[in-house]
Amino acid sequence: MSGLPVVMCVAEKPSLAASIAGFLSDGKHRSRRGGQEVHEFERDFNGARCHFKVTAVIGHVLSIDFPSKFQSWELDPAILFDAPVQKKEATPKARVVEHLEREAKGASHLILWLDCDREGENICFEVIDACAPVMRPNRGDKFVHRAKFSAVSKESIERAMRTLGAPNRDEALAVDARQELDLKVGVAFTRFQTRFFQGRYSHLDASVISYGPCQTPTLNFAVQRHLEIVSHAPEDFWSLRVDVRSAAMGRTLVTRWERERVFDADVGEMFRSMVSGDKHALVQSVEETEEFKRRPPGLNTVDLLKAASAGMGMGAHRAMQVAERLYIQGFISYPRTESTAYPPGFDLKGTLRAQRGHPAWGEWVEELLSGSVAKPRGGKDAGDHPPITPVRSATESAVGGGEAWRIFDFVARHFIASVSPDCAYVSQRAVLVAGGERFHVGGRTVTAPGWTTVMPHRAIEDDPLGEIREGESLPIATVELQQGATSPPPYLSEAELIGLMERNGIGTDASIPTHIKQHREKKLRQDPEPRGAEGDSHGSRGHAGSGVPPHRSRACAPGCEIARREAARHDRHRQGGPRVHRASHPRTVRRQV
């Protein structure tokens, strides 16, 4: 190393370390294996030539557990809340601590390139604990530095080098506190409820019934929806369908009854007779209003996961893996963020200009840059990272197609939509009267598609009502009394479950996919060793679609099995069910008149 001062750089993943080394060395680094891969090069730092080493950990370096004397299930679970905890190496076989100590020995500076969130801050101090004792900084020098970045690009990495700060110990301690609470609550309640339920439901096919502060409330959403479904009592209803003919438009209009439906057949027949007595429907009023479908705010993690689950054929956990890979490859910005508002000074036009030559949306981007870039909607600035945006332009083949393209395509289009004008349309609504009953018919005409140009799957359908005048009398073509029955809500989709978790503050943007994945895998599948890791994992850093429908017999077990027994007991004391949920397809019981 020719006697130069050594600068040790540590990233959170080996692939990220390779990217950082490539940017800082302009691609002129040398790589070698040393436990984890180490990339070396020379570069100026603090006004002096230095020898850089860039390496990585693989998530958390340390994990916590109880000492061996508290591992026995014979102990009263209550004592665990006062029990001490100890830190130990998270992946002993990887020998990450040994690797860090060896590479940091004699180094003058330590630059921490961990992810810029609370978990990343916690890992920073795990790295410091391993490296600092063997380093040789100059006396009086500040030798630990924190790099802050939101994208893996040359510009972002160089900016981080120019603006190095200090790691945040308060955020790291907050993670320590959360880990200890998760461990104690998770293990204590897992042991307690396993013994409690097995003593009362001995047929349960589960050696351990685990509990976690996030895992269990998440399961509760699925169980509650299951109970709504099994306890629902269908109720018959009747509704009127009235179609009218418009000679001016040359078509038949399907109206909507203002009462929507009634729950008595005789009452329904009475209304049918009243309307059938009139041969024409009078147009009582016609209204036209200009309305807007607002552009979306910036994209955060939860909205990305919901979109992936609902429309891209990917579960949340898989979507997060794909997004993180795109981030490390430099295609999108950091994908774990709670923010939907762009921070002051965010280079919106620069990010937009990077997309101007794209074959799919470049033409719309050019139009925006020529003068119609809209101010983004106000959203939430969580202070962690900006909303997720594309970092550079890429085609389907460039990102590898398939899942990667679907994520990148959505991220890019969403960003462009967030700085595009609102979608404008004219809403038309007419009120018709027949037999003393009011019916509605409406239409919409798009006047300016705005942001839906780049997100056509969210466009408003152009369905004009046509020429219809107040006071006009339209011949009635059909009067039908249709019968249907209320039906329960559907089982939760994964997208719905993600939304419920977000609204109720369960999990974080990083951990939500993990909690859902655990439930889908578990049956609830249990760890054969009932110790230590019974609680939650709040992220995917070396700790760990539909929410229920195809898996309901498994995803709810054993919780749903217990819930079913309790529901059956409860049903013996209740009458009927909810009056109205979603209507099933109605059955026609009166013919055209």
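On a predicted model such as this, the values are computed, not experimentally measured, just so you know. (Residues numbered from 1 in each chain as written. Predicted model: local features only at pLDDT ≥ 70, side-chain atom pairs only at ≥ 80, totals over all residues. Heavy atoms only, no water.)

Chemist: Break down the packing of helix α8 (residues 301-311) against helix α14 (residues 494-503) for me, citing the residues and quoting the values.
Modeler: Packing of α8 against α14 brings their axes to within 8 Å, and their N-to-C directions diverge by 160°. Overall, the two elements α8 and α14 adopt an arrangement that is roughly antiparallel. Crossing of α8 over α14 shows left-handed handedness. For the pair α8 and α14, the contacting residues are Val302, Leu305, Lys306, Ser309 and Ala310 in the first and Glu494, Ala495, Ile498, Gly499 and Glu502 in the second. (Axes fitted to C-alpha atoms, helices over the stretch in contact; angles between N-to-C directions. Helix = DSSP H or I, 4+ residues; strand = E, 2+ residues; numbered from the N terminus. Parallel < 35°, antiparallel > 145°, perpendicular 65-115°, else oblique. Left-handed = near helix turned anticlockwise from the far one by under 90°. Contact = heavy atoms within 4.5 Å.)

Chemist: Give a detailed account of the packing of aromatic side chains, specifying residues and quantitative values.
Modeler: Here the structure, examined in full by the defined rule, presents 16 aromatic pairs. Relative to phenylalanine 197, the ring of phenylalanine 196 has its centre 5.3 Å away and its plane inclined at 80°; by these criteria the two rings are edge-to-face. Ring geometry for tryptophan 405 against phenylalanine 408: centres 6.1 Å apart, planes inclined by 35°, an arrangement best described as tilted. In this pair, tryptophan 405 and phenylalanine 408 both sit in helix α13 (residues 402-418), three residues apart, roughly one turn of the helix. Residue classification places phenylalanine 408 among the buried positions, given a relative accessible area of 0%. Aromatic ring contacts, followed pair by pair, group Phe192, Phe196, Phe197 and Tyr201 into a single cluster. For arginine 261, the ring lying beneath its charged end belongs to phenylalanine 237, and the centroid distance is 4.5 Å. Geometry around phenylalanine 331 places arginine 392 over its ring, the cationic atom sitting 4.0 Å from the centre. (Phe/Tyr/Trp six-rings, centres within 6.5 Å; stacked < 30°, edge-to-face > 60°. Buried < 20%, exposed > 50% of the residue type's maximum accessible area, 1.4 Å probe, protein only. Lys NZ or Arg CZ within 6 Å of the ring centre and 35° of its normal.)

Chemist: Can you lay out unusual backbone geometry for me, pointing to particular residues and giving the numbers?
Modeler: In this structure, aspartate 26 is a non-glycine residue whose phi angle is positive, near 55°. Tracing the sequence through the fold places aspartate 26 in the loop between α1 (14-24) and β2 (30-34). Of note in this structure, asparagine 46 is not a glycine but carries a positive phi near 55°. As for its placement among the helices and strands, asparagine 46 is situated in the loop between β3 (36-45) and β4 (48-56). Of the residues examined, asparagine 46 reaches a relative accessible area of 59% and is grouped as exposed.

Chemist: Describe a nonpolar patch on the surface, with residues and values.
Modeler: Nonpolar side chains collect at one region of the surface, where Phe81, Phe189, Phe192 and Phe196 lie side by side and expose about 370 Å² of accessible area between them. Examined against the element boundaries, phenylalanine 192 turns out to sit in helix α5 (residues 169-200). (Patch = residues over 30% accessible without salt bridge, like charges linked within 9 Å, V, L, I, M, F, W, Y side chains within 5 Å. Areas by Shrake-Rupley, 256 points an atom, 1.4 Å probe, with all protein chains shown as cover. Salt bridge = Lys/Arg side-chain N within 4 Å of Asp/Glu carboxyl O.)

Chemist: I'd like a description of the pairing of strand β15 (residues 473-487), backed by residues and values.
Modeler: Most of β15 is tucked away, with 13 of its 15 residues classed as buried. Pairing geometry for strand β9 (residues 236-246) and β15, over nine bridges, is antiparallel. When the sheet's bridge partners are listed, tryptophan 238 is paired in β15 with glutamine 483. Bridge count for strand β12 (residues 280-293) against β15 is three bridges, and the pairing is antiparallel. (Pairing = 2+ DSSP bridges.)

Chemist: Run through the sheet that holds strand β8 (residues 144-146), naming residues and quoting values.
Modeler: Read across the open sheet, the six strands follow the order β2-β3-β4-β1-β7-β8; overall the sheet is mixed. Strands with a single pairing partner mark the edges of an open sheet, and in this sheet they are β2 and β8. Between one strand and the next, the sheet's axes are offset by a mean angle of 25°, whatever the strand orientation. Two strands pair when backbone bridges link them, and strand β1 (residues 6-11) and β4 are joined in this way by six bridges, in the parallel orientation. Opposite valine 7, over in β4, you have phenylalanine 52 as the bridge partner. Against the sheet, helix α4 (residues 154-162) contacts β3, β4 and β7 (109-113), and its axis sits at roughly 135° relative to β7.

Chemist: Could you give an account of α14, naming the residues involved and the relevant values?
Modeler: Among the ten residues that make up α14, seven are buried, leaving the element largely enclosed by the rest of the structure. When we look at burial in α14, the residues that qualify are Glu494, Ala495, Leu497, Ile498, Gly499, Leu500 and Met501. Downstream of α14 by one or two residues, glycine 505 has phi in the positive range, about 65°.

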